[in-house]
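A closer look at the structure
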Amino acid sequence: MSTPTAEQRVTYCRICEPMCGLIATVDDGRLVSLRPDADHPLSKGRACPKGIAFTEVQNDPDRVLEPLRRRADGTFETVTWDEALDDIAARLTRILDRHGGQSVGQYFGNPAAFGYASSLWAGVFMTRIGARHLYSAGSQDINSRFVASRLLYGAASQLPFPDLPRTDFLLMIGANPLVSHGSALRAPRIKDDLAAIVRRGGRVVVVDPRRTETARDYEHLAIRPDTDAWLLLSMLQVVFAEGLADATALAEQATGAETLRRLCRDFTPERTAERTGIPGDIVRMLARDFATAPTATAYGRTGACLGHHGTLVSFLIDALTLVTGNLDRPGGSLMSHAVIPVEDMGERLGSFSYDKTRSRIGNHPDVLGTFPAAVMADEITTPGAGRLRALFVVAGNPVLSVPNSRALESALGQLDLFVSLDLYVNETNRHADYVLPGTTMLERDDLPIMFAACSPTLFVQSTEAVLEPYGQARQEWQVYAELARRMGVSLFATGPLERFNRMLALLDRFRLTRMTPRRMMALLLRFGPYGDRFGLRRNGLNLERLAGRPHGIVLSEHAPSGILGRVVRHRGGKVCLDPPQIVDDVARLGTRHPDDPRFPLRAIGIREMRSQNSWMHNSPTLMKGDRRHRTRINPDDARAAGLVDGGRVRIVAAGGAIESEVFVTGEMRPGTIAIPQGWGHRGGGWRLANSVPGVNVNELTSNRSEDLEVLAGMSVLNGVPVRIEAVAASPGS
Ligand SMILES: Nc1nc2c(c(=O)[nH]1)N[C@H]1C(S)=C(S)[C@@H](COP(=O)(O)OP(=O)(O)OC[C@H]3O[C@@H](n4cnc5c(=O)[nH]c(N)nc54)[C@H](O)[C@@H]3O)O[C@H]1N2
Ligand SMILES: Nc1nc2c(c(=O)[nH]1)N[C@H]1C(S)=C(S)[C@@H](COP(=O)(O)OP(=O)(O)OC[C@H]3O[C@@H](n4cnc5c(=O)[nH]c(N)nc54)[C@H](O)[C@@H]3O)O[C@H]1N2
Ligand code: SF4
Ligand SMILES: [Mo]
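Bear in mind that the values here come from a model prediction, so they are computed numbers and not experimental data.

**Looking at the domain arrangement of the protein chain**
Examined at the domain level, the protein chain breaks down into domain 1 (7-58), domain 2 (143-336 + 564-586) and domain 3 (591-726). Counting residues at the interface gives 31 residues for domain 2 and 25 residues for domain 3. Contact between domain 2 and domain 3 buries roughly 2400 Å² in total, counting both sides, with carbon and sulfur atoms accounting for 59%. In terms of surface lost to domain 3, no three residues of domain 2 exceed Arg 210, Leu 306 and His 308, which account for 30% of the buried area on that side.

**Observations regarding the site of ligand 3**
By nearness alone, every residue bordering ligand 3 is listed as Cys 13, Ile 15, Cys 16, Pro 18, Met 19, Cys 20, Ala 47, Cys 48, Lys 50, Gly 51 and His 181. Counted by class, the shell around ligand 3 contains 8 nonpolar, 2 polar and 1 charged residues.

**Considering the sheet that holds strand 13 (residues 297-300)**
With respect to topology, 4 strands assemble into an open sheet ordered 11-10-9-13, the strand pairing being parallel. Strands at the two margins of the open sheet, each flanked by one partner only, are strand 11 (219-221) and strand 13. The average angle at which neighbouring strand axes cross in this sheet is 20°, direction not considered. Sheet topology note: the strand 10 (residues 203-207)/strand 11 ladder contains 3 bridges and is parallel. Bridge pairing in strand 11 places Val 207 opposite Leu 221.

**Quick look at the site of ligand 1**
Around ligand 1 there are 28 residues in total, and Tyr 107, Asn 110, Asp 422, Glu 476 and Ser 614 lie nearest to it. Within the backbone of Asn 397, an N or O atom sits 2.9 Å from an oxygen atom of ligand 1. Measuring from an oxygen atom of ligand 1, one finds a side-chain N or O atom of Asn 426 at 2.8 Å. For ligand 1, the accessible surface in isolation is 920 Å², of which the surrounding protein chains cover 97%. Every element with two or more residues in the shell around ligand 1 is listed here: helix 17 (398-401) and strand 18 (417-422). Here the shell around ligand 1 is composed, by residue class, of 11 nonpolar, 12 polar and 5 charged.

**Some words on the packing of helix 8 (residues 228-241) against helix 11 (residues 269-276)**
Helix packing geometry: the angle between the two helix axes and the distance between the axes. Taken N-terminus to C-terminus, the directions of helix 8 and helix 11 make an angle of 165°; their axes are 9 Å apart at the nearest point. It follows from the interaxial angle that helix 8 and helix 11 lie roughly antiparallel. Every pair of crossing elements has a handedness; the one defined by helix 8 and helix 11 is left-handed. Within the contact between the two elements, helix 8 uses Trp 230, Leu 231, Ser 234, Gln 237 and Val 238 and helix 11 uses Pro 269, Thr 272, Arg 275 and Thr 276. Looking at the contact of helix 8 with helix 11, its residues break down into 4 nonpolar, 4 polar and 1 charged.

**Some thoughts on helix 12 (residues 280-292)**
Its 13 residues place the ends of helix 12 18 Å apart at the C-alpha level, agreeing with the 18 Å of an ideal helix rising 1.5 Å per residue. Among the residues making up helix 12, those that are buried are Gly 280, Val 283, Leu 286, Ala 287, Phe 290 and Ala 291. Across the axial projection of helix 12, the buried residues extend over an arc of 125°, all falling on one side. Helix 12 presents Asp 281 and Thr 292 as exposed residues on the side facing more than 90 degrees away from its buried surface.

**Quick word on the pattern of salt bridges**
Under the defined criterion, the tally for this structure stands at 49 salt bridges. Here Glu 443 ties to Arg 63 by a salt bridge, and the two come within 3.0 Å at their closest N and O atoms. You can see Glu 443 sitting in the loop between strand 19 (434-437) and strand 20 (458-460) and its partner Arg 63 sitting in the loop between helix 1 (49-58) and strand 4 (68-70), a full 380 residues away along the chain. Judged by its relative accessible area of 2%, Glu 443 falls in the buried class. Using a relative accessible area of 6% as the deciding quantity, one classes Arg 63 as buried. In this structure, Asp 141 engages Arg 301 in a salt bridge whose closest nitrogen and oxygen atoms are separated by 2.7 Å.

**Quick word on the side chain of Ser 359**
Mapped onto the elements of the fold, Ser 359 is located in the loop between strand 15 (354-358) and strand 16 (365-367). From its side chain, Ser 359 meets the backbone nitrogen of His 364 in a polar contact 2.8 Å long. Excluding its chain neighbours within four sequence positions, the residues that come into contact with Ser 359 are Arg 132, His 364, Phe 371 and Glu 379.

**Focus: the packing of aromatic side chains**
A complete count under the given rule lists 7 aromatic pairs for this structure. Geometrically, the ring pair formed by Trp 121 and Trp 477 is edge-to-face, given 6.0 Å between the ring centres and 80° between the ring planes. One end of the pair, Trp 121, is in helix 3 (residues 116-128); the other, Trp 477, is in helix 19 (residues 476-487), with 356 residues separating them in the sequence. When its relative accessible area of 1% is taken as the criterion, Trp 121 is described as buried. Judged by its relative accessible area of 12%, Trp 477 falls in the buried class. Look at Tyr 424 and Trp 686: their rings are 5.0 Å apart centre to centre, the planes differ by 40°, and that puts the pair in the tilted class. Separated by 262 residues along the polypeptide, Tyr 424 in the loop between strand 18 and strand 19 and Trp 686 in the loop between strand 27 (672-676) and helix 26 (687-691) bring together distant segments of the chain. With respect to burial, Tyr 424 and Trp 686 carry one shared label: buried. Put simply, the rings of Phe 125, Phe 392 and Tyr 480 pair up and form one aromatic cluster. It is Arg 14 that lies over the ring of Tyr 12; its NZ or CZ is 5.0 Å from the centre.

About the cut-offs
- Residues numbered from 1 in each chain as written.
- Chains lettered and ligands numbered in written order.
- Predicted model: local features only at pLDDT ≥ 70, side-chain atom pairs only at ≥ 80, totals over all residues.
- Heavy atoms only, no water.
- Domains from an automatic or database assignment.
- Contact = heavy atoms within 4.5 Å.
- Buried area = accessible area lost by both parts, 1.4 Å probe.
- Near = heavy atom within 4 Å.
- Nonpolar A, V, L, I, M, F, W, Y, C, P; charged D, E, K, R; others polar.
- Pairing = 2+ DSSP bridges.
- Helix = DSSP H or I, 4+ residues; strand = E, 2+ residues; numbered from the N terminus.
- Axes fitted to C-alpha atoms, helices over the stretch in contact; angles between N-to-C directions.
- Polar contact = N/O pair within 3.5 Å; in protein donor to acceptor, adjacent residues only side chain to side chain.
- Areas by Shrake-Rupley, 256 points an atom, 1.4 Å probe, with all protein chains shown as cover.
- Parallel < 35°, antiparallel > 145°, perpendicular 65-115°, else oblique.
- Left-handed = near helix turned anticlockwise from the far one by under 90°.
- Expected span 1.5 Å × (residues − 1).
- Buried < 20%, exposed > 50% of the residue type's maximum accessible area, 1.4 Å probe, protein only.
- Arc of directions from axis to C-beta.
- Salt bridge = Lys/Arg side-chain N within 4 Å of Asp/Glu carboxyl O.
- Phe/Tyr/Trp six-rings, centres within 6.5 Å; stacked < 30°, edge-to-face > 60°.
- Lys NZ or Arg CZ within 6 Å of the ring centre and 35° of its normal.

Have a look at this one:
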């Protein structure tokens, strides 16, 4: 209950990508509650249950609020920051002296992407010490999309997104935004946006093996998992063969169209029907309707990214949009456009690289300087030069989130140094030497980066910290700055960022300057496309102006179109439709799907409204109502296996087996089962999460190099070959 002393503070949520506006009620330095911000121009008084329940994360008695050091018996003791940082710095220095940067690494979890400061400083620190083992949640999420963009546009950070408010036809492949709230797409009221498309006479077609919450409300094509490449090639085949391609768009925007036409020539809808499970005439009609709609846009997310051909599928989604004349056009797909040009800086500095180096294990190309997290386990256990010996995990829980998590969990014990920055002792960092308490989103200032550039309405908002850090929690960037200082490493003395530092000093001659993440962002904002250019542009943006408009500023109702020539980094500013990597991957189609009669079904993932990957299962509100881990199975498949609703099923894959509760539902396409990810808790800290029954789906998935998607090294987490067996009820139960 709020008291007369309570204050209302405007902020925004950073649990997932819509970044909905929130109002925090704060009393005496403690968070009392969170509610939706009615004055937020985009979310307009809407927030989801997770955003509201974040109060319980913020105030969670199980949160880590002091640095923890693991004792020999595996339990933790609290230590001071100085003790922790001195010891970590000394041990890291020794490892660097003896084995070099090639033995040091970092895993960057999903929440780390929601905070400019930690990602910038952790990245700079790792670069300065020459750390080679960089991993992230991206290889389980979106790296295939980045690689597709790199091949198409020469810019991995360029993620075209659907112009929801103006489109006549949205083709959605492997996304469930009514639950996920949209990804690589910022649309806090996406439910309204989709409804509006149909209301104004347009169409929304959802391609998904499951009749999802989104599919239920719109047109649904129940595709076989991991076959989207065939579907898209067929759509393109029809478009080319029936003369529906936009010749002007192809001439003005692209190179390589002839090769693409040749590539899809043999993939007629009739020939791919068996593979995809979608009849040829339906695909033919879909292709025609998409190509002849006044405007149309194809969009895909994790369901498109996490199969054997995730890069190819992402590539074909944009190719279809371009070939039909819908790329970079109102109502089609818009090119991402940042207000604070962090990605642009990354592209210029070369940090959005692809295939610049290769992983020691598996010879996988780097994506944005990172390697597939799937190989982490083998990188730790395989002797030789370049062995991974010191690992930092920031805001991540790879023991639940990366494939073959058992292998990773047992490998962690072989590290010489393992440091985690987190809010909890989770399944991963219970094995760490140190767990350092990070700040929550409410305990730090922020400016939206990364996916904020994928917003149909051009919008910017900044927030101050609404709370002082609880306990001893510290901002991650300060931890890296402190380690650097102790190790005598200068973060900005040399290298490309030195230029920034010099510029800062120049602009701020009268004060002794120290580069901080905030100052760097302030600079980028001011020099960015909407910045004040230090007074040269009247009404331009700077941090003070943003602070004066706490609910955010709509810069333009619609994101720009017609900018392709400026954002494509290939020579001539044209999109490349025939990269050799894609030609090769089309040739590989079919060879990576050995139909193994022992594993006749396909497992896919499922996201739930009241979960956020693995880390919100300790909130009593979100866990209300007997929530538990269940596997969705079609009635025919259940009957064939002798399974009943509420019974137990054993799911067997080539690399492992798990047991789960059966949920029989006609929403599953026959032959496909859906298993939620992020369960199976046995962390050191979160007591409620540990108490709920559940299993870790990543005990079924493979981390073998030969099983990863080829072009981006993506984990294959959808379309996993499995079989299901009834588990006999134990006597007496
Ligand atoms: N089989 C299968 N596996 C999957 C997926 C799938 O669909 N199927 N999905 C994948 C996807 S899309 C993703 S993004 C990954 C996620 O993979 P990860 O990022 O490895 O895991 P999370 O569950 O998001 O865990 C995030 C951790 O960050 C901590 N945390 C939260 N906020 C903060 C903060 O502000 N600061 C700090 N320091 N820590 C914080 C949480 O306590 C938690 O421990 O999982 C992937 N794994
Ligand atoms: N409530 C909630 N929201 C979240 C998260 C969460 O855990 N909970 N996680 C956040 C994160 S980290 C991310 S990355 C985003 C993801 O955002 P989305 O990608 O929109 O999330 P999903 O619900 O996993 O949607 C993927 C869909 O792809 C389908 N699918 C699976 N395999 C295939 C296939 O082979 N082909 C096709 N066409 N479809 C397939 C699945 O059935 C599923 O409906 O969501 C974010 N939002
Ligand atoms: S959808 Fe929910 S969790 Fe995501 S930003 Fe909005 S309130 Fe936060
Ligand atoms: Mo994700």
